[in-house]
Each structure stands twice: as C-alpha cells, then as structure tokens.
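Architecture and fold: a report
Here is what each chain is made of, one letter per residue.
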Amino acid sequence: MIEHRETHVIEIPKLLVSVRKAAEILDLSERVVYELCYARELESVKVGPKKWIRRITCESLNRYVEKARRESGIPEPPPDRPGPPKRGFE
C-alpha cells in the first residue's frame, strides 16, 4: 500500500546574511561592509567554533537603508498611497 503524505513548506525569514550577501544587497564592496560593521553602523555577530565567521543581521540592513534614506532627504510615500514594493531582508 502506498502512503501519500502532505508536504507543507514553511518559509522562514532569514535572520543573518554573510558579508558577501550584505555587500550584494547594499551594492557595496565587502570591505565597506566590514568597515560599517567595525563602525557599528551594521550589526553583526561572529559564529562558528572559533568565532571567525561574521554574519550581518537582516534587521540592521533594513535600519541602515532607512537611515540612509532619511539622511538623503528621500521622502516616505504617503500612508494612503502605496509606494513601490518593499524589498525586505527579514
């Protein structure tokens, strides 16, 4: 007898991304991303057995972009009018 099971896929938002991926997302060099981490403009954690792997929190990527938008004077879209689709990294 063949048993059929339902498969459910649950999408889990990412919590951390590599320095390379963060650089790709922000369209910056990896060196600049490391500098932003050292300046504490991006939040990062070290993981792995010897703590040599650095990962960037997705929340800090979103905060960094929002802060850069505000500092650049880019206005937020009005709440009653939808803006372009958000590209969240969470």
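Let me sum up the structure you'll find in this document. Please read these numbers as outputs of a predicted model, since none were measured by experiment.

A few words on the pattern of salt bridges. Side chains that differ in sign of charge can pair as their charged atoms come close. Inspection of the entire model under this criterion finds six salt bridges. Ionic pairing is found between E30 and R20, a salt bridge with its closest N-O pair at 3.2 Å. Of this pair, E30 sits in helix α2 (residues 30-38) while R20 sits in helix α1 (residues 19-26), and the two are 10 residues apart along the sequence. In this structure, the salt-bridge partner of R63 is E43, at a minimum N-O distance of 4.0 Å. One end of the pair, R63, is in helix α3 (residues 58-72); the other, E43, is in the loop between α2 and β2 (44-47), and 20 residues separate them in sequence. For R63, a relative accessible area of 45% translates into the label partly exposed.

Next up on the list: the environment of C58. Positionally, C58 belongs in helix α3. On a C-alpha basis, the gap between C58 and L15 in space is 5.6 Å, while along the polypeptide they are 43 residues apart.

Here we come to the nonpolar core. Inside soluble globular proteins, nonpolar side chains tend to come together where they are buried. V17, A22, V33, C37, L42, I56 and L61 are the most contacted members of the largest nonpolar core, which has 13 residues in total. Mapped by element, the contributors of at least two residues to this core are α1, α2 and α3. Among the elements that line this core, the one with the most residues is α1, at five residues. Residues within four places of L42 in sequence aside, it is in contact with L26, V33, L36, C37, I56, S60, L61 and Y64.

Cut-off values and rules
Residues numbered from 1 in each chain as written. Predicted model: local features only at pLDDT ≥ 70, side-chain atom pairs only at ≥ 80, totals over all residues. Heavy atoms only, no water. Salt bridge = Lys/Arg side-chain N within 4 Å of Asp/Glu carboxyl O. Helix = DSSP H or I, 4+ residues; strand = E, 2+ residues; numbered from the N terminus. Buried < 20%, exposed > 50% of the residue type's maximum accessible area, 1.4 Å probe, protein only. Core = buried A, V, L, I, M, F, W, Y, C linked by side-chain atoms within 4.5 Å. Contact = heavy atoms within 4.5 Å.

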